[in-house]
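Residues per chain are reported as follows:
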Amino acid sequence: MMMLNETMTPPLDILYQNDDVMVIQTHAGVSDKADQLTDFGNRSALYGEFNVALHVNDEPFKVLLRRANLLNWLHEQAGADQIHWLNQVHGNAVLDVDKYRSQSLSSADALITERPKTALAIMTADCVPVALFDEKGGAVACIHAGWQGLVNGVIAKTAALMPTSAKLSAVIGACISRPSYEVDQSLAERIMDEVVTNKLVLLDKQALFDKLINSSNHSGKVYIDIEGLARLQLEQLGVTVLSDIVPCSYLSPKYYSYRFQTHTKRSATGRMAMLIVKK
């Protein structure tokens, strides 16, 4: 494996870019979870080539160096001079970085800015990452949308903080797909109830259940489409979703997946990052 250094090109996909913004998603790189499945003693089997999370027991120096490499790349490609990271808590708090002065890491699940040359980052390993931007070149946002955030309106709350004149578009990154996300039916019922109660979609509970839930062969279990739930919430807000086919973090070998980690009884997995840069 290549030695980590300050000039390496980060493993990432450019999901979208125009004259005003760039949206990217990092991934695990060459040391993917499938190829290393039985190599439990190898740190690269757990963390891949490009884990960007400090909270998963990876070596901090290497994580910080990867983040520095990522910033260097973003500076070269999009002019970014800083990356804002979060302590994500599966809630609906939104941080406006233009008003934030503290040097400590903030606990929130979404970021927003109108400041140029600023990159906003959220980390995922199955949850839905959403980049939101004004097609007129104004504010940009990045959202971490797990099921908790989706039932508590993190997308709607973030969109409400965008300028009222904004024409919003969204990009959705790799996340767990419905065939890989089996949950208790009681949890699925709770999610449907709370989404409808909080008026986050136009559908009633039964219509929402029919659209997002498939039955499972296991008693008391169902499969749920959280990417579809995020997409419905965006569309209700009048946001144009630019992502047609979204890769599955569980099934694709190059993405990190917390559920894959738990199913294979591994001690840890890395995190990928979605970033949006206002140029």
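Because the structure is a prediction, the values reported are computed rather than measured.

Basis of the calculations
- Residues numbered from 1 in each chain as written.
- Predicted model: local features only at pLDDT ≥ 70, side-chain atom pairs only at ≥ 80, totals over all residues.
- Heavy atoms only, no water.
- Helix = DSSP H or I, 4+ residues; strand = E, 2+ residues; numbered from the N terminus.
- Contact = heavy atoms within 4.5 Å.
- Areas by Shrake-Rupley, 256 points an atom, 1.4 Å probe, with all protein chains shown as cover.
- Buried < 20%, exposed > 50% of the residue type's maximum accessible area, 1.4 Å probe, protein only.
- Pairing = 2+ DSSP bridges.
- Axes fitted to C-alpha atoms, helices over the stretch in contact; angles between N-to-C directions.
- Core = buried A, V, L, I, M, F, W, Y, C linked by side-chain atoms within 4.5 Å.
- Phe/Tyr/Trp six-rings, centres within 6.5 Å; stacked < 30°, edge-to-face > 60°.
- Lys NZ or Arg CZ within 6 Å of the ring centre and 35° of its normal.
- Salt bridge = Lys/Arg side-chain N within 4 Å of Asp/Glu carboxyl O.

*Asks:* Explain the overall build of the chain residue by residue, including any values.
*Replies:* Scanning the chain for helices and strands turns up 8 helices and 14 strands. Expressed along its principal axes, the backbone C-alpha trace of the chain runs to roughly 55 × 50 × 30 Å. Contacts in the chain between residues far apart in sequence, at least 24 positions, make up 67% of those at least 6 positions apart. Carbon and sulfur atoms make up 50% of the accessible area of the chain, which amounts to about 12,600 Å² in all.

*Asks:* Mind laying out helix H7 (residues 226–236), listing which residues take part and the relevant values?
*Replies:* Counting buried positions along H7 yields 9 of 11 residues, so the element is predominantly enclosed. For H7, every residue scored as buried is listed here: Ile226, Glu227, Gly228, Leu229, Ala230, Arg231, Leu232, Gln233 and Leu234. Downstream of H7 by one or two residues, Gly238 has phi in the positive range, about 80 degrees.

*Asks:* I'd like a rundown of the sheet that holds strand S8 (residues 140–145), residues and numbers included.
*Replies:* The mixed open sheet is built from 6 strands, whose spatial order is S4-S5-S8-S7-S9-S13. If you trace the sheet from one side to the other, it starts and ends with strand S4 (94–96) and strand S13 (240–241), each paired once. Examined bridge by bridge, strand S7 (residues 128–134) and S8 share 6 bridges and lie antiparallel to one another. Among the inter-strand pairings, Leu132 is bridged to a residue of S8, identified as Ala141. Against the sheet, H7 touches S7, strand S9 (168–172) and S13, its axis set at about 20 degrees to S7.

*Asks:* Give a detailed account of the nonpolar core, specifying residues and quantitative values.
*Replies:* Core analysis: the largest hydrophobic core is formed by 48 residues, its most contacted members being Leu132 and Leu234. Counting residues per element, this core draws most heavily on H7, at 5 residues. With 24 residues, the next largest nonpolar core counts Leu12, Val52, Trp73 and Ile83 among its residues.

*Asks:* How would you explain the packing of aromatic side chains if you had to name every residue and give the values?
*Replies:* This structure, assessed with the given rule, holds 2 aromatic pairs. Plain terms: the ring middles of Tyr250 and Phe260 are 5.6 Å apart, the flat faces sit at 70 degrees to each other, and that makes the pair edge-to-face. Taken as a pair, Tyr250 in the loop between S13 and helix H8 (258–263) and Phe260 in helix H8 lie far apart in primary sequence, 10 residues in all. Of the two residues examined, Tyr250 and Phe260, each falls in the buried class. It is Arg67 that lies over the ring of Trp85; its NZ or CZ is 4.0 Å from the centre.

*Asks:* Which residues make up the pairing of strand S14 (residues 272–278), and what are the values?
*Replies:* Counting buried positions over the 7 residues of S14 gives 7, a clear majority of the element. Sheet topology note: the strand S2 (residues 21–26)/S14 ladder contains 5 bridges and is antiparallel. From the neighbouring strand, Gln25 faces S14, where its bridge partner is Met274. As judged from the 7 bridges shared by strand S6 (residues 118–124) and S14, these two strands associate in the antiparallel manner. By the bridge assignment for S14, Leu120 is matched with Ile276.

*Asks:* Give a detailed account of the pattern of salt bridges, specifying residues and quantitative values.
*Replies:* Here the structure, examined in full by the defined rule, presents 11 salt bridges. The partner of Asp184 in a salt bridge is Lys221, with the nearest N and O atoms 2.8 Å apart. On the criterion of sequence distance, the pair formed by Asp184 in strand S10 (residues 182–184) and Lys221 in strand S12 (residues 221–224) is long-range, its members being 37 residues apart. Lys221 sits in the partly exposed class, given a relative accessible area of 29%. With a closest N to O distance of 3.1 Å, Lys205 and Asp193 form a salt bridge. Pair noted here: Lys205 is in helix H6 (residues 205–212) and Asp193 is in helix H5 (residues 185–197), with a separation of 12 residues, a long-range link. For Lys205, a relative accessible area of 28% gives the class partly exposed.

*Asks:* Which residues make up the environment of Ile155, and what values go with them?
*Replies:* Relative to the assigned elements, Ile155 resides in helix H4 (residues 154–160). Along the sequence, Ile155 and Asn92 sit 63 residues apart, while their C-alpha atoms lie 8.0 Å from each other. Not counting residues up to four positions away in its chain, the partners in contact with Ile155 are Val130, Ile143, Leu150, Ala230, Gln233, Leu234 and Leu237.

*Asks:* Mind laying out the sheet that holds strand S1 (residues 12–17), listing which residues take part and the relevant values?
*Replies:* Here we have 5 strands laid out as an open sheet, ordered S1-S2-S14-S6-S3, and mixed in their pairing. The two strands at the open ends of the sheet, each matched to only one other strand, are S1 and strand S3 (82–84). Neighbouring strand axes in the sheet, compared pairwise and without regard to direction, differ in orientation by 25 degrees on average. Sitting on the sheet, helix H2 (residues 60–78) touches S1, S2, S3, S6 and S14, and the angle it makes with S2 is about 150 degrees.

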